[in-house]
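A structural walkthrough
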Amino acid sequence: MIDVRRRRISMGAIACLLSVGACGRDLLDPTPGQPRGPFYPHALPMDDDNDLTQVVGHDGRASGKICDLDGRLLDMNGERVPNTRIEIWQCDANGRYHYSRDRRPEAADPRFQGHGHTVTDRDGRYRFRTIRPVRYPGRTPHIHFAVVPRGLRPFTTQLYVAGEPQNDRDPLYRRIPITARHLVIADFLPAETPGTDFRVTYDIVLGFTEA
């Protein structure tokens, strides 16, 4: 649990915390925030675990390239943040969100969960099993993230695929300063595990430090 009394919260204005002289140590750059977007579920699915590739009541796995996604949740000092809820959501391999207002004609994949959550372990680690994101009209492939620390406002961002040609034309990606874009990009590398196509590691750094 995050003890709010022992944290200096700095989600929007963190310039003073980035000064090495102010704290005597190098601080990690915080992950840039991004909009939650219009397709966060109205109601979370009944099956809402950290494996988005299988849905209770449906045989088989989701269409698309299966991906193991893991990483750490850190503060700006590099301290691991345990016991914290992390959510992800994304469109399926057909480009459809599991959302009532997504009216695209393509059929939704009933074997793709669309949204999932997990809680970081005592070392601040998290893990999801999902698919490699695909393009959505007007958007480059991306995965939405929400971090929900207890007692604090949720932090939302989006993860992008390294080397994806559409990135530089994506309106939300382009809002991020060029010097910070590497903080929301990860390599989707070939996996060695049977049944898994890609593996990706993505650390999230929240914009606070110990008091």
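Note: the structure precedes this text.
Residues numbered from 1 in each chain as written. Predicted model: local features only at pLDDT ≥ 70, side-chain atom pairs only at ≥ 80, totals over all residues. Heavy atoms only, no water.

**Digging into the packing of aromatic side chains**
Here a ring pair, both rings aromatic, is described through the centre-centre distance and the interplanar angle of the planes. Scanning the model with the defined rule gives eight aromatic pairs in all. For the pair phenylalanine 145 and tyrosine 202, a centre-to-centre distance of 5.4 Å together with 65° between the ring planes defines the contact as edge-to-face. With phenylalanine 145 in strand E6 (residues 142-148) and tyrosine 202 in the loop between strand E10 (198-201) and strand E11 (204-205), this pair connects stretches of sequence that are 57 residues apart. This pair shows no difference in class: phenylalanine 145 is buried, exactly as tyrosine 202 is. The residue whose ring lies beneath arginine 132 is phenylalanine 188, and the NZ or CZ to ring-centre distance is 5.9 Å. (Phe/Tyr/Trp six-rings, centres within 6.5 Å; stacked < 30°, edge-to-face > 60°. Helix = DSSP H or I, 4+ residues; strand = E, 2+ residues; numbered from the N terminus. Buried < 20%, exposed > 50% of the residue type's maximum accessible area, 1.4 Å probe, protein only. Lys NZ or Arg CZ within 6 Å of the ring centre and 35° of its normal.)

**Regarding the pattern of salt bridges**
Counting across every chain of the model gives eight salt bridges. Across the pair aspartate 123 and arginine 80 runs a salt bridge whose closest N-O atoms are separated by 3.9 Å. A residue pair is termed long-range when its members are at least 10 positions apart, and aspartate 123 in the loop between strand E4 (115-119) and strand E5 (125-131) and arginine 80 in the loop between strand E2 (66-74) and strand E3 (85-89) qualify at 43 residues. Residue class for aspartate 123 comes out partly exposed when judged on its relative accessible area of 32%. (Salt bridge = Lys/Arg side-chain N within 4 Å of Asp/Glu carboxyl O.)

**A few points about the pairing of strand E7 (residues 155-161)**
Of all seven residues making up E7, seven are buried, and the element is well covered by its neighbours. Of the two faces of E7, the one holding Phe155, Thr157, Leu159 and Val161 and the one holding Thr156, Gln158 and Tyr160 are both buried throughout. From the end of E6 to the start of E7, which pair antiparallel, there are six residues, and glycine 151 there has a positive phi angle of about 85°. The pairing of E7 with strand E8 (residues 185-186) spans two bridges and is parallel. The residue bridging valine 161 from the neighbouring strand is alanine 186, located in E8. (Pairing = 2+ DSSP bridges.)

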